[in-house]
Amino acid sequence: MKRALLSILLVVAYSVGLCDGSFSLLTEPRQTCTDFDIFSQQVVSLTTQVQSLPTGDPLVKIRSDLVNLLASSKIYKSCDDIGPTSPPGLYRIQDGNDAPMYYYCETVQDGGRWTVIQRRTADVVNFTRSFNEYATGFGHPSGDFWLGLTRIQKITSQTQYELLIKMSAFDGTSATARYSSFQLNDVNDLFKITSLGNFTGDAGNSMSLSLNRQFSTQDKDTDASSTTNCANVWGGGWWLNNCGDSNLNGFYRGVTPTAAPRTAMVWAGFKGLSQSLKNSTMLIRKYVP
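These figures come from a predicted structure and were not determined experimentally. Each chain has its residues counted from 1, following the order in which its sequence is written. The predicted nature of this model means local features are confined to residues of pLDDT at least 70 and side-chain atom pairs, given and counted, to a pLDDT of 80 or more, with totals for whole chains, interfaces and linings taken over all residues. As a rule here, side-chain values come from all non-hydrogen atoms in the structure, and water together with hydrogens is ignored.

S.K.: Mind laying out the overall build of the protein chain, listing which residues take part and the relevant values?
M.R.: The secondary structure content of the protein chain amounts to seven helices and 14 strands. Across the 289 residues of the protein chain, 50% fall into the buried class. Contacts are assigned to residue pairs that have any heavy atoms within 4.5 Å of one another. The long-range fraction of contacts in the protein chain, counting pairs at least 24 apart against all pairs at least 6 apart in sequence, stands at 53%. Here the Shrake-Rupley method, with its probe set to 1.4 Å, supplies the accessible areas, and only the displayed protein chains count as covering residues. Split by element, the accessible area of the protein chain, about 13,000 Å² in all, is 52% carbon and sulfur. Put simply, DSSP H or I for four residues or longer makes a helix, DSSP E for two residues or longer makes a strand, and each gets a number counted from the N terminus. Burial classes follow relative accessibility: with a 1.4 Å probe on protein chains only, a residue under 20% of its type's maximum area counts as buried, one over 50% as exposed, and anything between as partly exposed.

If you want it as structure tokens, here you go:
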């Protein structure tokens, strides 16, 4: 019994690690296992057997590991389907993908059911990327990352989705911005923002100038300026106007304000256009009135 238990733990752990379908730091998707249910069934069987063991049996200690591995193998349609009793973290999600991939689902804060689409906490992941990289996504959802415009567009085109942005500054203050109806066009229109809906929050409506703007990067300049490539000066990629009042994917500059405005990761209504933010997180979910 013990040998079989340890064997199946190794097989499932190996399968979870190599066949999770999430994107790597190089933005190249890893293969997704199509027959993962076989492992799930074996885990369920062994979990049942472990539950029947005497309380003093050392194998009982492995039960929680089996349960966690089983949860890792389950596929959800979206983060909206994960209830508040589940902890925030990585879940295998079908929405926006041809094959399930790991998304970070926020299940507790602000009512839960959120899909995290962007996170920045430090200068550890390069956000100055090409248009194609912003379309496919980069980083990893357990850390600093961008989910990918193609996925975001597919998810938000199904029904009304709201956008929540949480940000914090180096002085310890924080703020939020919330938009009731976030929607993009597809790649043929360069992921133009077609709707933001109503704004609420204490960060200021610094994304208003992004409405009806296409996504702009260093190698695909779509901003409204006739003299400046805003993404080249600002860094990162964003829905830039001329050049706008926000860019959460701009250069991560640190605590010292920049000499020139719009050259860092900023949100004008919170800390102005010259003070780089410390953290930002962007989340989406089906609209809740």
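S.K.: Just give me the short version of the nonpolar core, but keep the residues and values in it.
M.R.: Think of a nonpolar core as a cluster: buried Ala, Val, Leu, Ile, Met, Phe, Trp, Tyr and Cys residues, connected wherever their side-chain atoms sit within 4.5 Å. Counting residues in hydrophobic clusters, the biggest one holds 59 residues, and the most contacted among them are Trp146, Ile165, Phe182, Met207, Trp239 and Trp267. When residues of this core are assigned to their parent elements, the largest contribution, five residues, is made by strand β7 (residues 161-168).

S.K.: Tell me about the state of the cysteines, and please be specific about residues and values.
M.R.: Disulfides are defined in this document as cysteine sulfur pairs within 2.5 Å. Evaluation of the coordinates by the stated rule reveals two disulfides. Between Cys79 and Cys105 runs a disulfide, and the two sulfur atoms are separated by 2.0 Å. Here the disulfide of Cys79 and Cys105 is left-handed, its torsion about the S-S bond being about -65°. Pair noted here: Cys79 is in the loop between β1 (75-76) and β2 (89-93) and Cys105 is in strand β3 (residues 101-106), with a separation of 26 residues, a long-range link. For Cys79, a relative accessible area of 1% gives the class buried. Its relative accessible area of 0% is what places Cys105 among the buried residues.

S.K.: I'd like a description of the pattern of salt bridges, backed by residues and values.
M.R.: A side chain with one charge may pair with a side chain of the opposite charge, provided their charged atoms come close. A side-chain nitrogen of Lys or Arg and a carboxyl oxygen of Asp or Glu constitute a salt bridge if their distance falls within 4 Å. If you walk through the whole model with that rule in mind, you get nine salt bridges. Here Asp80 makes a salt bridge to Arg113, at a shortest N to O gap of 2.9 Å. Here Asp80, found in the loop between β1 and β2, pairs with Arg113, found in the loop between β3 and β4 (114-120); they are 33 residues apart in sequence, far enough to count as distant. A salt bridge links Arg178 to Glu162; the shortest N-O distance between them is 3.1 Å. Highlighted residues: Arg178 in strand β8 (residues 174-179) and Glu162 in strand β7, separated in sequence by 16 residues. We classify Arg178 as partly exposed; its relative accessible area is 23%. Through salt bridges with shared partners, a single network forms among Glu162, Arg178 and Arg285.

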